[in-house]
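Listed below are the residues making up each chain.
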Amino acid sequence: MLEAILTEVQNRMEKSLESTKEKFSHVRAGRASVSMLDGVTVEAYGSPTPLNQVGTVSAPEARLLTIDPWDKSLIPAIEKSILQANLGFNPSNDGKVIRLAVPELTEERRKEYVKLVKKEAEEGKIAIRNVRKDINNKLRKLEKDSEITEDELKSSEEKVQKMTDKFVAAVDEALDKKEKELLKV
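Every chain's residues receive numbers from 1 upward, in the order its sequence appears when written. Restriction of local features to residues with pLDDT of at least 70 applies here, the model being predicted, together with a cutoff of 80 or more for giving and counting side-chain atom pairs; totals for whole chains, interfaces and linings are based on all residues. Just so you know, side-chain values use all the structure's heavy atoms and leave hydrogens and water out.

Caption draft 1: Spatial organisation of the overall build of the protein chain. Helix and strand definitions follow DSSP, with helices as H or I runs of at least four residues and strands as E runs of at least two, each counted in order from the N terminus. Per the secondary structure count, the protein chain includes 4 helices and 6 strands. Over its C-alpha atoms, taken along the principal directions, the protein chain stretches across nearly 70 × 40 × 25 Å. Every one of the 185 residues in the protein chain was classed for burial, and the buried ones make up 39%. Surface exposure of the protein chain reaches about 10900 Å², of which carbon and sulfur atoms provide 50%. With 33 positive and 34 negative side-chain charges, the protein chain shows a separation of 3 Å between the mean positions of the two kinds. Think of it in three bands: with a 1.4 Å probe and only protein chains considered, a residue is buried below 20% of the maximum accessible area for its type, exposed above 50%, and partly exposed in between. In this description, accessible areas are obtained by the Shrake-Rupley approach with a 1.4 Å probe, and a residue is regarded as covered only by the protein chains that are shown. When charges are counted, Lys and Arg are positive and Asp and Glu negative, with His and the chain ends excluded. The atoms used to mark charge sites are NZ of Lys, CZ of Arg, CG of Asp and CD of Glu.

Next comes the structure, spelled out in structure tokens:
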């Protein structure tokens, strides 16, 4: 039973870490990345469709994203969706391919992004600590109901704390990496 609980801790903390890293990937660092357009949906054939399902999104250069729609009649809808997503891109097209020039980030904008990333990292750490709190409460209840001994409780709480420390350190590491990426000119 304790092994199942510890496995649950591991899985929930991994999900929190992955969620935080995924949020980091949406913050642009001045270099083109196809993940910048992950949240964009296009009104295609009467329903909202993710951009990557209506065409090929690629980053052929460090400062350029291209979208090659499979159905060329969707070009105006794709451009409209990109503008509505308010990502700071100004789409241009040649009738076949949409090009998005990724503008150079100003120093002020870079610092704003660093603040945003730090906030996301803190939310990730809070999520990890909440997992620890939930599991520790579960363990204390098991001990209170005499399903585990006091020694097993202490041992399990220590293991949960070690996992928490490990995942909080992983969030800090991801934050440092993203911060360096953002501040690199």
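Okay, back to it.
Caption draft 2: Molecular detail of the pairing of strand β4 (residues 64–69). With 5 of its 6 residues buried, β4 lies for the most part within the structure. DSSP bridges decide pairing: two strands pair if at least two such bridges lie between them. The pairing of strand β3 (residues 55–61) with β4 spans 5 bridges and is classified as antiparallel. Across the sheet, the residue bridging to Val57 is Ile67, located in β4. In this structure, the hairpin formed by β3 and β4 is closed by a connection of 2 residues. Where β4 and strand β6 (residues 98–101) come together, 4 bridges link them in antiparallel fashion. When the bridges of β6 are listed, Leu65 appears paired with Leu100.

Caption draft 3: Representation of the pattern of salt bridges. Basic side-chain nitrogens of Lys or Arg form a salt bridge, by our definition, when they fall within 4 Å of a carboxyl oxygen of Asp or Glu. Per the counting criterion, the structure on display carries 14 salt bridges. Taking the shortest distance from any N to any O, the salt bridge between Arg109 and Glu112 comes out at 2.8 Å. Here Glu112 and Arg109 lie together in helix α3 (residues 107–144), a separation of 3 residues that amounts to about one turn. Members of the salt-bridge network, linked through shared partners, are Glu8, Arg12, Asp134 and Lys138.

Caption draft 4: Highlighting the sheet that holds strand β5 (residues 92–93). Within the open sheet, the 4 strands sit side by side as β3-β4-β6-β5. Their pairing is antiparallel. Of all strands in the sheet, those bounded by a partner on one side alone are β3 and β5.

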